[in-house]
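Below, each chain spelled out in residue letters.
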Amino acid sequence: MKVLVIGGGAREHALCRSLSLDPDVTALYCAPGNAGIAEVAELRPVDALDGGAVARLATELGAELVVVGPEAPLVAGVADAVRAAGIPCFGPSGEAARLEGSKAFAKDVMAGANVPTARSYVCTTPAEIDEALDAFGAPYVVKDDGLAAGKGVVVTDDLEAARAHALACDRVVIEEFLDGPEVSLFAITDGTTVLPLQPAQDFKRALDGDEGPNTGGMGAYSPLPWADPKLVDEVMQTVLQPTVDELRRRGTPFSGLLYAGLAITSRGVRVIEFNARFGDPETQVVLARLRTPLAGILLGSANGTLDVVPPLTWHDDAAVTVVIASHNYPATPRTGDPIEGLADVVAQDAPHAFVLHAGTRQEGDAVVSAGGRVLSVTATGKDLGQARERAYAAVGRIRLDGSQHRTDIARKAAEEA
């Protein structure tokens, strides 16, 4: 089949890499893509937020499946426009994508589905904000109601910082703090059937030891040797299936990728947030471990035929991803710096380690930085220790002036495994 992937980050590079290895994929396109994706897919220019333009491009290419990667096009209804053109599309409708586009809507769905989550208040005035902050106390958890590219959440003991973030949002969700480790669990669904993937853990803070500001994610690993073996079954029964059933009951069926951000608290599993698409950087490690060819699963979701897709199979290997970010990320990252050493990774670390591009672009013969998170260096190994070793060996070959990365991705899990 001919497949068109929409987006241009490391998540889309991971998707394109997996699709390029699928024997059922005869042609692979990505719009707008990036310098790394160009090695596995044919790039096309498009405004990813313009549903009409995406649908026209898909029609022109004869695409038999469109995969919408990022959240903003999904919330903008791009999947609806593609489906209206008669082309199968992996990704929820604009209405269903409100599960990520509005924290308040997500809380309402969770209440209807009886999904365990943090107690919360939706606030629109300074008085409501003060009341909610006072009710919960520190640490304060303040979430912009709308999309904020992974940076709309502040968790702090500083009341003034929490209040300032809340006041800067039009509508804000303030909720109780959830203790315990966090887990990302993705599930592919067609609106009825739900297929869970393997859990992963990501690292949101910029600096080692979970210090520094919140980012879009600085690394991830899978599997989770410390997690309860029954975790996926429990989350399927208490979170994923009830949420999909509730959205269908409301007349807004959700098909595509349902991402549950979970806290494993002292009182049990609680949902921190839902996303309506593959998470970045967790996708990089989850897809590195997936043995089942990807295109058929995504098409099953788009066509409503997931119930006949065979059970997913997985490699026994562990996977670790380390994000290389540009100077000053996540504040105002510097761009335009040349990236060297990419060929060295291919020559010396393949096939166990590979580089997925996030914020890059081609300038003549050079690849330069073009965003905050620049590269996701991903490696597999017999266990987390070996995967970590291979990932950091590959990171060491890459040269990007002023770049930064965390040195502790998966360290604790590898030591305890």
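Residues numbered from 1 in each chain as written. Predicted model: local features only at pLDDT ≥ 70, side-chain atom pairs only at ≥ 80, totals over all residues. Heavy atoms only, no water.

By the naming in an unreviewed UniProt entry, the protein is Phosphoribosylamine--glycine ligase, taken from Streptomyces clavifer.

### Some remarks on the overall build of the protein
What the protein contains, in helices and strands, is 14 helices and 24 strands. In terms of C-alpha radius of gyration, the protein reaches 20 Å, essentially the compact-globule figure of 22 Å for 417 residues. Considering only C-alpha atoms, the protein reaches an extent of 55 × 45 × 40 Å along its principal axes. Within the protein, the fraction of its 417 residues that count as buried is 57%. Put simply, of all contacts in the protein between residues at least 6 apart along the chain, 69% involve residues at least 24 apart. (Helix = DSSP H or I, 4+ residues; strand = E, 2+ residues; numbered from the N terminus. Rg over C-alpha atoms; globule rule 2.2 N^0.38 Å. Buried < 20%, exposed > 50% of the residue type's maximum accessible area, 1.4 Å probe, protein only. Contact = heavy atoms within 4.5 Å.)

### Side note on the sheet that holds strand β9 (residues 172-175)
Pairing in this open sheet of 4 strands is antiparallel, and the strands run β6-β9-β7-β8 from one edge to the other. In the strand order of this sheet, the two ends are held by β6 (120-123) and β8 (153-156), each with one partner. Adjacent strand axes in the sheet meet at a mean angle of 20°, parallel and antiparallel pairs treated alike. Relative to β8, strand β7 (residues 140-144) runs antiparallel, the two being bridged by 4 bridges. The residue of β8 that forms the bridge with V141 is V155. Here helix α7 (residues 126-136) sits on the sheet and contacts β6, β7 and β9; the angle it forms with β6, its principal contact strand, is near 165°. Strands β7, β8 and β9 of the sheet are contacted by helix α8 (residues 159-168), whose axis makes an angle of about 15° with β7. (Pairing = 2+ DSSP bridges. Axes fitted to C-alpha atoms, helices over the stretch in contact; angles between N-to-C directions.)

### Comments concerning the environment of E42
Take E42: it is sitting in strand β3 (residues 42-43). Judged by its relative accessible area of 41%, E42 is partly exposed. Sequence-wise, E42 and V320 are 278 residues apart; in three dimensions their C-alpha atoms are separated by 27 Å. Sequence-distant contacts of E42, defined by excluding residues within four places in its chain, comprise L28, Y29 and C30.

### Observations concerning the nonpolar core
Counting residues in each nonpolar core, the largest one holds 80 residues, and the members touching the most others are L4, V66, L99, L240, V320 and I398. With 8 residues, the single largest contributor to this core is helix α9 (residues 231-249). With near-sequence residues (within four places) excluded, V320 lies in contact with A220, Y221, V285, V377, T378, A379, L384, A387, R388, A391, I409 and A410. Judged by nonpolar contacts, the second largest core, of 43 residues, contains L197, L290, V309 and L312. (Core = buried A, V, L, I, M, F, W, Y, C linked by side-chain atoms within 4.5 Å.)

### Focus: the environment of V308
With respect to the secondary-structure elements, V308 resides in the loop between α11 (294-303) and β18 (318-325). For the pair V308 and G52, spaced 256 residues apart in sequence, the C-alpha to C-alpha distance is 32 Å.

### Structural notes on the packing of aromatic side chains
The final tally for this structure, using the stated rule, is 5 aromatic pairs. On the numbers, 5.0 Å between centres and 40° between planes, the contact of F186 with Y259 is tilted. You can see F186 sitting in strand β10 (residues 182-189) and its partner Y259 sitting in strand β16 (residues 256-265), a full 73 residues away along the chain. Take F186: its relative accessible area is 1%, and that puts it in the buried class. Positioned above the aromatic ring of F354, the side-chain terminus of R17 is 3.6 Å from the ring centre. The ring of F105 is capped by R98, whose NZ or CZ atom sits 4.1 Å from the centre of that ring. (Phe/Tyr/Trp six-rings, centres within 6.5 Å; stacked < 30°, edge-to-face > 60°. Lys NZ or Arg CZ within 6 Å of the ring centre and 35° of its normal.)

### A word on the state of the cysteines
The final tally for this structure, using the stated rule, is 0 disulfides. With no disulfide partner, C30 has as its closest neighbouring cysteine sulfur the one in C16, 4.1 Å distant. Take C30: its relative accessible area is 0%, and that puts it in the buried class. A disulfide-free cysteine, C89 has its sulfur positioned 14 Å from the sulfur of C30, the nearest such atom. (Disulfide = S-S within 2.5 Å.)

### Things to note about the side chain of E273
Locating E273 in the fold gives a position in strand β17 (residues 268-275). Despite its burial, E273 pairs with no opposite charge; the closest candidate is K103, at 4.7 Å N-O. When sequence neighbours within four positions are dropped, the list of residues in contact with E273 reads K103, K143, Y259, A260 and G261. (Lys, Arg positive; Asp, Glu negative; His and termini not counted. Salt bridge = Lys/Arg side-chain N within 4 Å of Asp/Glu carboxyl O.)

### Points about unusual backbone geometry
If a residue is not glycine, its phi is most likely negative; likewise, a peptide bond is most likely trans. Look at the link from A31 to P32: it is a cis peptide, with omega at 0°. Structurally, the position occupied by P32 is in strand β2 (residues 27-32). A cis amide bond, omega 10°, links Y329 with the succeeding residue P330. Mapped onto the secondary structure, P330 falls in the loop between β18 and β19 (339-340). In this structure, D210 is a non-glycine residue whose phi angle is positive, near 55°. Of note, D210 is situated in the loop between β13 (205-207) and β14 (211-214).

### Looking at the pattern of salt bridges
Summed over all chains, the structure comprises 26 salt bridges. Taking the shortest distance from any N to any O, the salt bridge between K204 and D202 comes out at 2.9 Å. Note on D202: relative accessible area 12%, which makes it buried. Between R334 and D337 there is a salt bridge, and its shortest N-O distance comes to 2.9 Å. Members of the salt-bridge network, linked through shared partners, are R11, E12, E71, E100 and R277.

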